[in-house]
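Breakdown of the fold
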Amino acid sequence: MESRAQKLILLGFFGGLFCVPLLAEWTSTPFYLDLARRMMILAIGALSLNLIMGYGGLISFGHAAYIGIGAYTVGICAEHGLTNGFIQWPLAILISGAFAIVFGAISLRTRGVYFIMITLALAQMMYFLGVSLDRYGGDDGLPLSERSNFQDLIDISNNITLYYLVFLALVLCLLFCHRLIHSRFGMVLQGARSNEKRMQGLGFPTLRYQLTAFVIAGMMAGFAGALLANHTDFINPDLMHWTRSGDLIIMVLLGGMGSLAGPVIGALVFLLLEEVLSGITEYWQLIFGPFLILVVLFARGGLLGFFSKRGNQGE
Amino acid sequence: MVDGALVFEQFFNGIQLGLLLFLLAAGLTLVFGIMDMMNLAHGSLYMLGAYVAAQVTLWSGSFLLGVSVALPAILILGICLEAGLLRPLYARGHLDQVLATFGMILFFNEFVRLVWGPEGIEVPLPSFLKGNVVLFDIPLPNYRLVVIGVGLLVALLLYLLVTKTRTGMLIRAGASNREMIQVLGVDINRVFTLVFGIGAALAALAGALAGPILAVTIGMGENILIQVLVVIVIGGIGSIRGAFVGAMLIGIIDILGRSFLDTFFKIFLPVNAAETAGPAVASMLIYIIMALVLFFKPQGLFPAKTG
């Protein structure tokens, strides 16, 4: 489905990302290493959201909750002295998946505006839960005592090692999504986006497919959360705040919804914009807000829409 | 032990919060219902209403003047927003609507931070509303009584508007089937501009009234917006009656949960566990209620849509 132009952009993009640590080292600006790593982690989050939003047509406004759940799992494990990454990370993925089953089952009883509001409300509930967890820092959050420990395999307390691990994770997630959406499962999901009644008429239990996609997306976001906790060495309820969910939607839409490369490019552009604009003025959202409105009104299909003819039809 | 007077007092506070939520939910549920429009910026109108009212109150010393400036100001702003920015979005998908109104929130929040600074404003209680009324030996603050009175009055007026007038008939018809009444020759856009304007003014009223009891701060719009969304989902999109019932339910449950849940948990949990679980569950309570309602009635308690 991806056009050649998209593939080229993506390749160039990963080539660039691969070189970031070298450049950062060379120019001794570790800040860019940090920025690029954060960007790739959020790209995984946006990629997972795109699975349900772009391919499933389900607009989840609470996707940051799963990132938060993943991050909290790692943080809480570390707080209790369990730093083994082989346990922490699968646990983070499983727990986010478990939450996604429950939340998905509730919110998928509805569609449209209801679905948006319910996913938003459930995510906000997790935010308030995080705020009220005094044992784990409450409002202020919790510093990670130690990064995930992968014994002799890899040592991610080294920033560059962590960077390449995240890089690898992003590539793997991208390949996974590629396989998934081109599989039969992905086709059914996209069919249900275009015309749910018709898919049901053909005999597909669409709800089951959508719920599965919702859970997969939740697990992938939970994985991104586990990475993010290691990246910032810190967890706080803010990870789950509803504006974080909004940011993820923006990334997907900026890059171009329903394409694989879109969310990845979107995450890059979003963080760069934030960086550049907040460098210009402290009140950068005064520019960013109207910019968003303009993108919605005039640049349908996101940035990749300029390079390929796939339009974004909203829902 | 829980004493009856305290329960009554908190119940009273719950009603007051419920009516505040209703002021916001009434306008928003119609926007969702009639135009199938996802508008997140409603909370911003509430915030701007609160700031304008607070500022005018501080300048003039008169709370009433503050309220009466904020209402028309936000009404006009609402109508301009609707005509200028939201109207092109009706034909779009929900996602575009979410994103554009999210952009508005960012803009308004930053705008308020630029103009009034990050600190927030303290609004003093208007002097003529200080003091309490004592009922069964329980002191009830005058100001909260006034908020309840205003809320009930607005609810009554809205009820009359929606059920007894021709405009109200159009609004109800629009909420249940928009295409149909367009085909019948009604200019739904004009009805909708009116609805949006009323909704904006009610949001400003809620903001102005909330000023002296809650803090006037930058995030105030979003915090209440999410509670309002819960109210609307429970009540059923497009239904004023649903908004009223949902708002009272959420207001009372939220306040009672925050006040008494830990006491309740102590009945069957160790004290320590109850003191941890109490506040945690209390902050999640309204969302759990929402999930329960949706489980049994996915369209809310009073569904307005017919087709």
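Residues numbered from 1 in each chain as written. Chains lettered and ligands numbered in written order. Predicted model: local features only at pLDDT ≥ 70, side-chain atom pairs only at ≥ 80, totals over all residues.

1. Side note on the nonpolar core
As a reminder, the rule being used: A set of buried Ala, Val, Leu, Ile, Met, Phe, Trp, Tyr and Cys residues, joined to one another through C-beta atoms within 7 Å, is what we call a nonpolar core. Counting other C-beta atoms within 10 Å of a residue's C-beta gives its exposure: the residue is buried at 20 or more, exposed at 12 or fewer, and partly exposed in between, where C-beta atoms are placed from the backbone. Any pair of residues counts as being in contact when their C-beta atoms, constructed from backbone geometry, are within 7 Å of one another.
Within the largest apolar cluster, 205 residues are counted, with the highest numbers of intra-cluster contacts made by Ala121 of chain A together with Ala25, Ile74 and Val230 of chain B. With residues up to four places along the chain from it excluded, the contact list for alanine 121 of chain A reads Ile226, Leu229, Val230, Tyr287 and Met290 of chain B.

2. Considerations on the confidence of the model for chain B
Should the pLDDT be low somewhere, the predicted coordinates at that spot are not to be read in detail. All names here are of chain B. Heads up, the rule is: Think of pLDDT as the predictor's per-residue confidence, scored from 0 to 100. Runs of E in the DSSP output that reach at least two residues are strands. Runs of H or I that reach at least four are helices, and both are numbered from the N terminus.
On average, residues of chain B score 85 in pLDDT, and 98% of them are at 70 or above. The lowest-confidence element of chain B is strand β1 (residues 132–135), averaging 76 in pLDDT; the highest-confidence one is helix α2 (residues 42–60), averaging 91. As scored by the predictor, the complex reaches a pTM of 0.87 and an ipTM of 0.83.

3. A word on the packing of helix α9 (residues 220–235) of chain B against helix α10 (residues 240–266) of chain B
Residues and elements named next belong to chain B. The condition that has to hold: Inter-axis angles, ranging from 0 to 180 degrees, are taken between N-to-C directions of lines fitted to C-alpha atoms, where helices are fitted over the stretch in contact. Reported orientations rely on four angle classes, namely roughly parallel under 35 degrees, roughly antiparallel over 145, roughly perpendicular from 65 to 115, and oblique for the rest. Handedness of a crossing follows from how the near helix is turned relative to the far one, being left-handed for an anticlockwise turn of less than a right angle and right-handed for a clockwise one.
Contact geometry for α9 and α10: axes closest at 8 Å, N-to-C directions at 125°. In this view, α9 runs oblique relative to α10, as classed from their interaxial angle. Of the two possible hands of crossing, α9 and α10 adopt the one that is right-handed. Along the contact surface, α9 presents Gln227, Val230, Val231, Ile232, Ile234 and Gly235, while α10 presents Gly242, Ala243, Val245, Gly246, Ala247, Leu249 and Ile250.

4. Thoughts on unusual backbone geometry
Glycine aside, residues mostly have negative phi angles, and peptide bonds mostly take the trans form. For aspartate 233 of chain A, which is not glycine, the phi torsion reads 55° and is therefore positive. With respect to the helices, strands and loops of the structure, aspartate 233 of chain A is situated in the loop between α9 (206–232) and β2 (234–235).

5. Digging into α9 of chain B
Filter applied, for reference: Each helix should span, by expectation, one fewer than its residue count multiplied by 1.5 Å.
For α9 of chain B, with 16 residues, the first-to-last C-alpha span of 23 Å sits near the 22 Å given by 1.5 Å per residue. Just downstream of α9 of chain B lies glycine 236 of chain B, where phi reads positive at about 105°.

6. Observations regarding the interface of chain A and chain B
Counted only if it meets this: Classes in brief: Ala, Val, Leu, Ile, Met, Phe, Trp, Tyr, Cys and Pro nonpolar; Asp, Glu, Lys and Arg charged; the others, Gly included, polar.
Listed by partner, the interface residues are 38 residues for chain A and 39 residues for chain B. At the level of elements, α5 (112–132), α10 (242–255) and α12 (285–298) of chain A are the ones that each hand at least two residues to the side of chain A that touches chain B. If one sorts the elements of the side of chain A that touches chain B by residue count, α5 of chain A sits on top with 14 residues. A per-class count over the side of chain A that touches chain B returns 27 nonpolar, nine polar and two charged.

7. Describing the packing of helix α6 (residues 159–182) of chain A against α9 of chain A
All names here are of chain A. It is at 11 Å that the axes of α6 and α9 come closest, and there the two elements cross at 170°. Viewed along their axes, α6 and α9 adopt a mutual orientation that is roughly antiparallel. Within the contact between the two elements, α6 uses Leu162, Val166, Ala169 and Cys173 and α9 uses Met220, Leu227, Asn230 and His231. The class makeup of the residues in the contact of α6 with α9 is six nonpolar, two polar and no charged.

8. Considerations on the environment of valine 131 of chain A
Residues and elements named next belong to chain A. The residue valine 131 is located in helix α5 in this model. With 106 residues separating them in the primary sequence, valine 131 and proline 237 have C-alpha atoms 5.8 Å apart. When residues no more than four places from it in sequence are discounted, the contact partners of valine 131 are Gly138, Asp139 and Pro237.

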